[in-house]
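# Chains, contacts and geometry: an overview
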Amino acid sequence: MPLLSVIDLHTRYATRAGVTHAVRGVSFDIAAGETVGLVGESGCGKSTLGKTLLQLVPATSGRVLLDGVDLGALKPGPLRALRPRVQMIFQDAFASLNPRRSVRDTLETILRVHGVSSARERLRQVALMIDRVGLPLSALGRYPHEFSGGQRQRIGIARALLLRPDLVVCDEPVSALDVSIQAQILNLLVDLKREFGLAYLFISHDLAVVRYLADRVMVMQAGQIVENAPQEQLWNSPVHPYTRALIAAEPAPAGRARVA
Ligand SMILES: Nc1ncnc2c1ncn2[C@@H]1O[C@H](COP(=O)(O)OP(=O)(O)O)[C@@H](O)[C@H]1O
Ligand SMILES: [Mg+2]
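The protein goes by Glutathione import ATP-binding protein GsiA in an unreviewed UniProt entry, where it is assigned to Cupriavidus basilensis. The Sequence similarities (unreviewed entry) comment attached to the protein in UniProt states, word for word, "Belongs to the ABC transporter superfamily. Glutathione importer (TC 3.A.1.5.11) family." For the protein, the Function (unreviewed entry) comment in UniProt is given as "Part of the ABC transporter complex GsiABCD involved in glutathione import. Responsible for energy coupling to the transport system."

Right, let's get into the sheet that holds strand β4 (residues 61-66). If you trace the 4 strands from one edge of the open sheet to the other, you get β2-β1-β4-β5, paired in antiparallel fashion. This sheet does not close on itself; its edge strands, each paired only once, are β2 (18-30) and β5 (69-70). In this structure, strand β1 (residues 4-15) lies alongside β4, joined through 5 bridges in antiparallel fashion. Across the sheet, the residue bridging to Val6 is Val64, located in β4. The strands touched by helix α1 (residues 46-53) within the sheet are β1, β2 and β4, with β1 carrying the most contacts at an inclination of about 115°.

Glancing now at the environment of Ser5. Checked against the element boundaries, Ser5 lands in strand β1. The class for Ser5 is buried, based on a relative accessible area of 12%. The spacing of Ser5 and Leu65 is 60 residues in sequence and 5.0 Å in space, taken between C-alpha atoms. Once residues within four sequence positions are removed from consideration, Ser5 is found in contact with Phe28, Asp29, Arg63, Val64 and Leu65. Of the polar contacts made by the side chain of Ser5, one reaches the side chain of Asp29; its length is 3.0 Å.

Conventions adopted
- Residues numbered from 1 in each chain as written.
- Chains lettered and ligands numbered in written order.
- Predicted model: local features only at pLDDT ≥ 70, side-chain atom pairs only at ≥ 80, totals over all residues.
- Heavy atoms only, no water.
- UniProt positions renumbered as here; feature names shortened; annotations may be inferred.
- Pairing = 2+ DSSP bridges.
- Helix = DSSP H or I, 4+ residues; strand = E, 2+ residues; numbered from the N terminus.
- Contact = heavy atoms within 4.5 Å.
- Axes fitted to C-alpha atoms, helices over the stretch in contact; angles between N-to-C directions.
- Buried < 20%, exposed > 50% of the residue type's maximum accessible area, 1.4 Å probe, protein only.
- Polar contact = N/O pair within 3.5 Å; in protein donor to acceptor, adjacent residues only side chain to side chain.

Structure below.
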C-alpha cells in the first residue's frame, strides 16, 4: 500500500474576483521513503496541491489517503492524531516563524501541544533536532530575525521534523536562498531523508534541483498532472509536449550553480 494516495483531487478558491480552479483532478501515489519532484511554472497549482494534502486548504472534492485512511472522512480527534505524519517546509521560513518567540519556545510548544509533558524530554528532543539540522545549541535562545535565510530554513526543517513525520512537503525550500546556500540545504534534506526514512514531495520550478534529488517527477500544468515518470525516463524520453518544452527551456548546465 502506498504511504499517500491522492485520488481525483480538486481545489477551488472563491474570491471576490471569481473562482480559481487551482487543482483540477489530480491523482498520484507516494511510496514510503520516496522523493517525488513536482515541477511546473508559477501559478500552475503546486503550492495549492501541497497545502491541500496537509488540509491547510480544503479540498473541493477528491480524496487524500494516508496508509489507506481517508483524511477527509476523519473526525477532528483522529485527524489531529494523524496530522503530525505529514509536514510542510515553506519557501519563506521567516514568514512561517513567529517573530516574538525564541527558537526554543517555538519548537517546545509543538512538542507540548502534541503531548510531550516532560519539560526535560522536550528540551532533549529540541536540542537533538537543532543539532541535527546543523545549528549550535545557542540558537535555541535566539529569535527569527537574528538568523540568516539559510539558518532560518534550518529552523523550518527542524520544526517540520520534530514530530517525526513520514512525508514532508517541501515547497520551494531553497528558491529564496543564495545559490551558495542552496546546496547546503539540499544536502541537509538528503541526509535527513536517509536518517529518518522520510518521503518528500519536493516542489520546485527549478528542474536542476529536482534532478538532484527526485526518484520520480510529476509535471504540473494548469492544475493538472500531465506527466508522472521515474526521473531518468522523464528527462530521457519525455512524453508530454509540455514536459519537452520545460526541459528545452532549462538553462544550459554551464550557466548554473552546481549542486553538491
Ligand atoms: N489563497 C488564494 N486565494 C485565491 N487564489 C489563490 C490563492 N492561492 C493561490 N491562488 C491561485 O491559485 C492558482 C495556483 O496558485 P499556486 O498554488 O500558488 O501555484 P504555484 O505554487 O504553482 O505557483 C493561481 O492562479 C493563484 O493565483
Ligand atoms: Mg508556489
